[in-house]
Amino acid sequence: MSDVEQLKNELKKLNSEYIKIRELPPEARGDFGRELNAKKQDILQRLAKAESAAESVEIKPIDISAPCAPNEPIPELHLGTRHPLMTELDKVIGIYAGMGFNVMESNQLDDEFHMFEALNFPQDHPARDGYDTFRTAEGFIPPAHTSTMQHRALKQYRKSLEQGGQIAVVIPGRVFRNEDVDATHEHTFYQCEGVFVSRDATMGQMFGVLKHFFESYYGQAIRIKTQPGYFPFTEPSAELLIEKPASLGGKGDGWLEMLGCGMIHPNVLEAAGIDSTQYRGFAWGGGIDRLVLLKYHLNDVRYFESGKLDFLEEF
Ligand code: DAH
């Protein structure tokens, strides 16, 4: 028992003595009371001393520069590192910025309008199911693709069209899908969206932009090809594939689907207040994770969200 506790016990015991005063003859009560009071004062003084001694023991000064407590082995220092996806995302954005694209940030919580209506998904159309969207109890949608930002990008930069310029924006963002997770599917991943509008935008220009992007990112010549696709927000729509470069394990026959793209549907332009008889645009969107996996010869997308430090620290 500590000194403080012991003294508190003594005090308690002493306090319970006071009741005995009643049983004493009146002439003896004064002396008895005075004696108890003197004892009490003594205990209280000792208690105060013991308490302040205990406090000063507890509040030991801390040496914030010490690597660890005295006599303990020095722990291995784990300094944080940048997440590899963020480092790669910067490179991606840098390449597009070099081509004159502005950069917008995407939302991590969005709504039905930006996810579907503004992108020309008809009400109750089965294409809505294809995105396996999560929903919050309040009815918000964690975006299933960065295309949810298209409407905002078109509106925000619409003025530059009126001033005789173009809209050129890329929008990286974190996206969420209610998917079964496996080596090639994650519920949370990153995409980068691109939106370009001018008086005479063409698909040829788009493929030029995308080929330049892939060649810059992988630092070598990259062959691309397209196959037809379907997205409600583009017409025509396509999927863009790149040939797996030999330096990344390709044998001249491996084509990888990298993104979806197409000419922006007139309804999407009009919904953002852009006259679709005067302006045309193209847009694309694709996963960052896949891009990075290929670059680093990795084959499991789950590592990125796993929090596995030994994996993350390799970068
Ligand atoms: N958002 C589509 C997806 O995640 C990809 C996409 C397709 C984006 C066509 C576009 C586009 O901007 O024009 O599957």
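The following refers to the structure shown.

Calculation notes
Residues numbered from 1 in each chain as written. Predicted model: local features only at pLDDT ≥ 70, side-chain atom pairs only at ≥ 80, totals over all residues. Heavy atoms only, no water. Helix = DSSP H or I, 4+ residues; strand = E, 2+ residues; numbered from the N terminus. Rg over C-alpha atoms; globule rule 2.2 N^0.38 Å. Contact = heavy atoms within 4.5 Å. Areas by Shrake-Rupley, 256 points an atom, 1.4 Å probe, with all protein chains shown as cover. Lys, Arg positive; Asp, Glu negative; His and termini not counted. Charge placed at Lys NZ, Arg CZ, Asp CG, Glu CD. Pairing = 2+ DSSP bridges. Buried < 20%, exposed > 50% of the residue type's maximum accessible area, 1.4 Å probe, protein only. Near = heavy atom within 4 Å. Polar contact = N/O pair within 3.5 Å; in protein donor to acceptor, adjacent residues only side chain to side chain. Nonpolar A, V, L, I, M, F, W, Y, C, P; charged D, E, K, R; others polar.

So, the overall build of the protein
Helix and strand counts for the protein come out as 10 helices and seven strands. In terms of overall dimensions, the protein is more spread out than a globule: its C-alpha atoms have a radius of gyration of 35 Å, far above the 20 Å expected for 315 residues. The principal-axis extent of the C-alpha atoms belonging to the protein is close to 115 × 45 × 40 Å. Long-range contacts, defined as pairs at least 24 residues apart, comprise 67% of the intrachain contacts of the protein with a sequence gap of at least 6. As presented, the protein carries roughly 18000 Å² of accessible surface, and 52% of it is formed by carbon and sulfur atoms. One way to put it: in the protein the 33 positive side-chain charges average out to a point 5 Å from where the 47 negative ones average out.

Some details on the pairing of strand β4 (residues 224-228)
As paired strands, β4 and strand β5 (residues 234-243) are joined by five bridges and run antiparallel to one another. Opposite Thr226, over in β5, you have Leu240 as the bridge partner. In this structure, the hairpin formed by β4 and β5 is closed by a connection of five residues.

Things to note about unusual backbone geometry
Trans is the common state for peptide bonds, and a negative phi is the common state for residues other than glycine. Residue Glu235 is joined to Pro236 through a cis peptide bond whose omega torsion reads -5 degrees. Mapping Pro236 onto the fold places it in strand β5. Positioned with a positive phi, His297 is a non-glycine residue whose angle comes to about 55 degrees. Here His297 shows up in the loop between α8 (288-295) and α9 (303-306). Note on His297: relative accessible area 54%, which makes it exposed.

Considering the site of the ligand
Near the ligand you find 16 residues, and of these His145, Ser147, Gln150, Glu193 and Thr234 are the closest. Take Ser147: an N or O atom from its side chain is 2.8 Å from a nitrogen atom of the ligand. Listed by contribution, the elements that provide at least two residues to the shell around the ligand are β3 (188-198), β6 (255-264) and β7 (280-287). Of the residues that constitute the shell around the ligand, the class distribution is six nonpolar, eight polar and two charged.

With respect to the sheet that holds β7
Spatially, the seven strands line up as an open sheet ordered β1-β2-β3-β7-β6-β5-β4, and their pairing is mixed. With partners counted over all chains shown, the strands left at the sheet margins are β1 (102-103) and β4, one partner each. Of the pairings in the sheet, the one linking strand β2 (residues 167-176) to β3 comprises 10 bridges and is antiparallel in character. Among the inter-strand pairings, Ile171 is bridged to a residue of β3, identified as Glu193.

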